[in-house]
There are 4 protein chains.
Amino acid sequence: MFQIRTDLAVEAREIYNEGKEQEVPGVEVEREEQEDYTITRIKILNELGQQKLNKKVGSYVTIESPSLKRADQDLKDNISKVLAKELKAIIAPNKHKKALIVGLGNRNVTPDALGPKVVEKVLVTRHFFQAYNKTEDESMANVSAISPGVMGLTGIETGEIIKGIVEKTNPDIVIAVDALASRNMRHISSTIQISDTGISPGSGVGNKRKPISAEYLGVPVIAVGIPTVVDAATLINDTIGLIIGEMKNQTEEGQEFYSLLEGLSSKDKYSLIKEVLTPYMDNVMVTPKEVDDLINDLSQVVSNGINISVHPGIDLKDVNRYLN
Amino acid sequence: MFQIRTDLAVEAREIYNEGKEQEVPGVEVEREEQEDYTITRIKILNELGQQKLNKKVGSYVTIESPSLKRADQDLKDNISKVLAKELKAIIAPNKHKKALIVGLGNRNVTPDALGPKVVEKVLVTRHFFQAYNKTEDESMANVSAISPGVMGLTGIETGEIIKGIVEKTNPDIVIAVDALASRNMRHISSTIQISDTGISPGSGVGNKRKPISAEYLGVPVIAVGIPTVVDAATLINDTIGLIIGEMKNQTEEGQEFYSLLEGLSSKDKYSLIKEVLTPYMDNVMVTPKEVDDLINDLSQVVSNGINISVHPGIDLKDVNRYLN
Amino acid sequence: MFQIRTDLAVEAREIYNEGKEQEVPGVEVEREEQEDYTITRIKILNELGQQKLNKKVGSYVTIESPSLKRADQDLKDNISKVLAKELKAIIAPNKHKKALIVGLGNRNVTPDALGPKVVEKVLVTRHFFQAYNKTEDESMANVSAISPGVMGLTGIETGEIIKGIVEKTNPDIVIAVDALASRNMRHISSTIQISDTGISPGSGVGNKRKPISAEYLGVPVIAVGIPTVVDAATLINDTIGLIIGEMKNQTEEGQEFYSLLEGLSSKDKYSLIKEVLTPYMDNVMVTPKEVDDLINDLSQVVSNGINISVHPGIDLKDVNRYLN
Amino acid sequence: MFQIRTDLAVEAREIYNEGKEQEVPGVEVEREEQEDYTITRIKILNELGQQKLNKKVGSYVTIESPSLKRADQDLKDNISKVLAKELKAIIAPNKHKKALIVGLGNRNVTPDALGPKVVEKVLVTRHFFQAYNKTEDESMANVSAISPGVMGLTGIETGEIIKGIVEKTNPDIVIAVDALASRNMRHISSTIQISDTGISPGSGVGNKRKPISAEYLGVPVIAVGIPTVVDAATLINDTIGLIIGEMKNQTEEGQEFYSLLEGLSSKDKYSLIKEVLTPYMDNVMVTPKEVDDLINDLSQVVSNGINISVHPGIDLKDVNRYLN
């Protein structure tokens, strides 16, 4: 059966909640409205919630800012600070003094290059700690960063590469940055999701790979992601849903026609999707034309947020200082 | 009213022909089937054909090769030769000894980078002709090439830039290479269209700009294009069409329900499309995830085809020779 | 005879002045010392000065800031403002309301990519003026920008491309940004030269091409450049000079040996240079390993400087605003 | 004292041999002359040879082809086959069925991007072996590939990253590709060195880092390198040597002047080099302007050579087949 593809917990919740009154069982939600942005904190508390939302037990913080997609520097700086604040709350930088920043995705595919572009702007310091045999610094954390590339180009699962590096460099925490797929175009380039559950590469597209998670790596893994694409099959499925809904509004229950609409099985839907996307099927992405500008802007927002959050004594202004 | 977006004449014809017996009036079509590829030659003969297909009067040659999207070197070389043969038939290289190759599109957006990537691989010779005050060479044509960039980055219409260069360098012919939008995913990266009608930048997306055409530039313009994206609004519109068709099959004419389906106005469709694509709407593209590999392969196929076709005394083997 | 390669007027003057008391005839010089930088204003007044310095009659403003090569954001912002101030003094933005920014050089060769990288960050507005049929705006100038590429890839002289575009778009002024060659490593990435004399592509390497100048383009041309390489032949020649000088210090005039040193003809020097650089000879550049970081930083400094200087109502803060 | 920088064993030998009759003690040399290329096989047999040449005990195979720097496709294919043959002789692909290809260097610095560019063109298969739980294939080897980036961007020693990956993926052999520094411009882009001694990152520039070697990684390491730069300090030092030699030829021994030349201590030389290269000193590279084209061509030559050598049943033609 066809499965809606979304990497966003806020969307997974919407899907479940559609037409329901009460909250998803096993899930706690808290919203904070600000002028420029909204923060939604979703806690998946147990197996039940995990199964309902098809997301692992843990915390999912979503920062939504519709104007982020064409933000001026003030808004971008502001969102960097918000991101840093939320990250700090999860990372506890005074506990985790050694961080490995991982940029996931393929640098050669514009909408997938968020991770590698963030890593290019991250303030790495580990080699200085090594060179001077330092273990601590009051203002700077011990930070390393890597963009391992994608399995199609390396032949190696990204999780394996990272685990190998983690075992050699022993970070206290891993922060993995990735471009996400959302269900809804509204979330593209306007939403940042932070979670403490790690990442399952390509999980959304249904193939089972080694997760980039605390269980597998042996250290906490914080995932930071921004939706840059919508999965085409999901987009089409939702379109079909909309039109059927539209028609239902124009008829009364009980009518033969109504039951026909009801009866349009997911198998029919799937064959429609297939017909539209052949020969590429599961491998088609939907993305805005200006995606390169969006990625450049957002990689700056995210890297600044990370730089501020991991280094105890550094603020937005310092970042630029140190970076040069 | 919503308009289906396609840059391919073969698709424009399909759209018109749907459910019709006879050929489009004012249009001549000829097909040539080969083992690895099919060539369709569409001639739009007059105003009537132009209006029916919403494409300018002229010739449109389409080379379709479904396996091109994962071709081995033999097939790619073969298609390069086919492209060269078709180009030669239009260009008449012995008549047009000075060619300007133009790479349209934005090099920073993977699916839009076909033109700039082709230009990088084109064998340019004009500076040698200038340096040695040569006007003719029996084996080589006088070739120059440029990737002007996109209006959003230059502030100048691409047509104006090219016209300025044409007036300074006086080529006999302009060959403009561009990534296209097709209606159907099946054509992505498997179809090459050659036309003698030039290109209207972004015409498909409904904004009127200066065309890159013989009328405007004063020299013949050959357009070579490969579809790399499907316009998202078109994809959704077709999906709606498919599902309505599906339902019609399940009811009989005359039924109230049938008329309801009939009655689903294009306005309704458009508002559905809008609902799905907001806030990006007209600026969303649908493209395969492996688009970067596809573009790299195809830019080689096209540049080789152009190199062979413009230089009288050069074949596929020589191309590699001269290029280094 | 071998000729020292430098694009910097300050170095041309040093070369002439070596061991001389008085200023170069036909040349006026003025220096302004600041904490973070020094500005040298060289005016070549007449034919005599032009011949002595081998630079065209006109103004050459040089901003030198040794710490620019590893500057923090404050210094970079400061130098952007200094650059803007000096540019404004030459451009007179209220007189020149339409500017074309030209990025010279090859984007694929790291130390030559300064121009194209600056153009990517320039705030272009011309297409908006066109779209809204506006001729004036109190805060914004009418700005377009282009990176034409290098002759080896286009087959067209850069000057011809730009002239063609100028004739189509009628700017009031052209600002051409280019990576320069300096004689001295000290100037690499720490010096910005502004001149009102335009640019002669590859002039330094002794081939005569169409200049990018007011005479040729018909509008004022301001050149903005930063040295990113030293010509290898020049570096070797200077090394030879240094060692000969060194030896002279260790002997007395009149000695046979001294005359031998004197006698070491430029022909000998040239054959030495040749021996060292064969088989690449005139085409070898000397550049710091970290050149990519330097170029990225400096392209931001220059683009901000240009953005502030051409747009009457825009300051450094606004730049970031408008750019997104 | 100043040390000549070269990564080539053939140059290290020249340095030692200058003006000597007999071969370097502890070193065996064998030359094979062909029409298009020369192969030099240097075996460093023991401690003595190691110390004389300042290169580790082991085999160094050098393929020199002066015309490689502007080769046509035939020569490039030919050199790929020669490289493959020499690699096979060292790798013994039937013994080593699992290979990890490592691309060293910084992809953002043109002359340092050879390794990453080769890795992009390597035929990786490991993920297929994993997916189908295959351990063997008669025509294909189990190949993975990675470009770890440089320590300045990752904060991690490249050796550590690779060791981590080796421990996770257990290859039988590592092939590390890197851009080299040669002493002599003649070797730039015309020489391929293969060695079984691994690589010491930045060893040439005198900082001690973890080597990428069999001792450290626990599996054989084959290094494949091509010189793309000359170290500027070395170039200057050689220039000084040449001019002193030149002068010696013009005087007789015993003369006071002659002894002065003799007396020019390496300390003087060093201070001269310093004077020329300040403020960049040890971090300056000398490279041809067309280095980007050279790197693109050579990365193809090397990747094809590797692809043929590691996969038992694959020849040059197949490579292109499989790659697409």
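Here the structure is a predicted model, which is why all the values come from computation and not from measurement.

A. Up close: the interface of chain B and chain A. Listed by partner, the interface residues are 47 residues for chain B and 48 residues for chain A. Taken together, both faces of the contact between chain B and chain A bury some 4,400 Å²; the carbon and sulfur share is 68%. At the boundary of chain B with chain A, the tally comes to zero salt bridges. Between chain B and chain A we count nine residue pairs in polar contact (both at pLDDT 80 or more) in total. Elements with a minimum of two residues in the side of chain B that touches chain A: α9 (232-249), α10 (256-263), α11 (266-277), β9 (284-288) and α12 (291-310) of chain B. Residue contributions to the side of chain B that touches chain A peak at nine residues, all from α9 of chain B. Class assignment of the residues belonging to the side of chain B that touches chain A gives a composition of 27 nonpolar, eleven polar and nine charged. Sheet analysis places strand β9 (residues 284-288) of chain A next to β9 of chain B, joined by five bridges and oriented antiparallel. Within β9 of chain B, the position partnered with V284 of chain A by the bridge is P288 of chain B.

B. Quick look at the environment of A232 of chain B. Mapped onto the elements of the fold, A232 of chain B is located in helix α9. Take A232 of chain B: its relative accessible area is 0%, and that puts it in the buried class. Taking C-alpha positions, A232 of chain B is 9.3 Å from R183 of chain B, a pair spaced 49 residues apart along the chain. Not counting the four nearest positions on each side in its chain, A232 of chain B is found in contact with V286 of chain A together with L277, V284 and V286 of chain B.

C. Fine view of the relation of the copies chain B and chain A. For the pair chain B and chain A, the superposition axis carries a translation of 0.0 Å, the fit reaches an RMSD of 0.0 Å, and the rotation angle comes to 180°. Here the symmetry operator amounts to a two-fold rotation axis. Taking C-alpha positions as reference, the residue of chain B nearest the rotation axis is V286 of chain B, located at 2.2 Å. When the interface residues of chain B are mapped onto chain A, 100% of them again fall at the interface, so both copies present the same face.

D. How the structure looks around the nonpolar core. By size, the foremost hydrophobic cluster in this structure holds 49 residues, and its most contacted members are I243, L277 and V286 of chain C together with I243, L277 and V286 of chain D. Where this core is concerned, the elements lending two or more residues are α9 (232-249), α10 (256-263), α11 (266-277) and β9 (284-288) of chain C together with α9 (232-249), α10 (256-263), α11 (266-277) and β9 (284-288) of chain D. When residues no more than four places from it in sequence are discounted, the contact partners of I243 of chain D are I240, I243, I244, L264 and L272 of chain C. Ranked by size, the runner-up nonpolar core spans 48 residues in total, among them I188 and I244 of chain A together with F2 and I240 of chain B.

E. Summary view of α11 of chain B. Its twelve residues give α11 of chain B an end-to-end C-alpha distance of 16 Å, which sits within 8% of 16 Å, the value for a rise of 1.5 Å per residue. Looking at the buried residues of α11 of chain B, the elements they touch are α9 (232-249) of chain A together with α9 and β9 of chain B.

Cut-offs used in this document
- Residues numbered from 1 in each chain as written.
- Chains lettered and ligands numbered in written order.
- Predicted model: local features only at pLDDT ≥ 70, side-chain atom pairs only at ≥ 80, totals over all residues.
- Heavy atoms only, no water.
- Contact = heavy atoms within 4.5 Å.
- Buried area = accessible area lost by both parts, 1.4 Å probe.
- Salt bridge = Lys/Arg side-chain N within 4 Å of Asp/Glu carboxyl O.
- Polar contact = N/O pair within 3.5 Å; in protein donor to acceptor, adjacent residues only side chain to side chain.
- Helix = DSSP H or I, 4+ residues; strand = E, 2+ residues; numbered from the N terminus.
- Nonpolar A, V, L, I, M, F, W, Y, C, P; charged D, E, K, R; others polar.
- Pairing = 2+ DSSP bridges.
- Buried < 20%, exposed > 50% of the residue type's maximum accessible area, 1.4 Å probe, protein only.
- Least-squares fit on C-alpha atoms with pLDDT ≥ 70 in both.
- Core = buried A, V, L, I, M, F, W, Y, C linked by side-chain atoms within 4.5 Å.
- Expected span 1.5 Å × (residues − 1).

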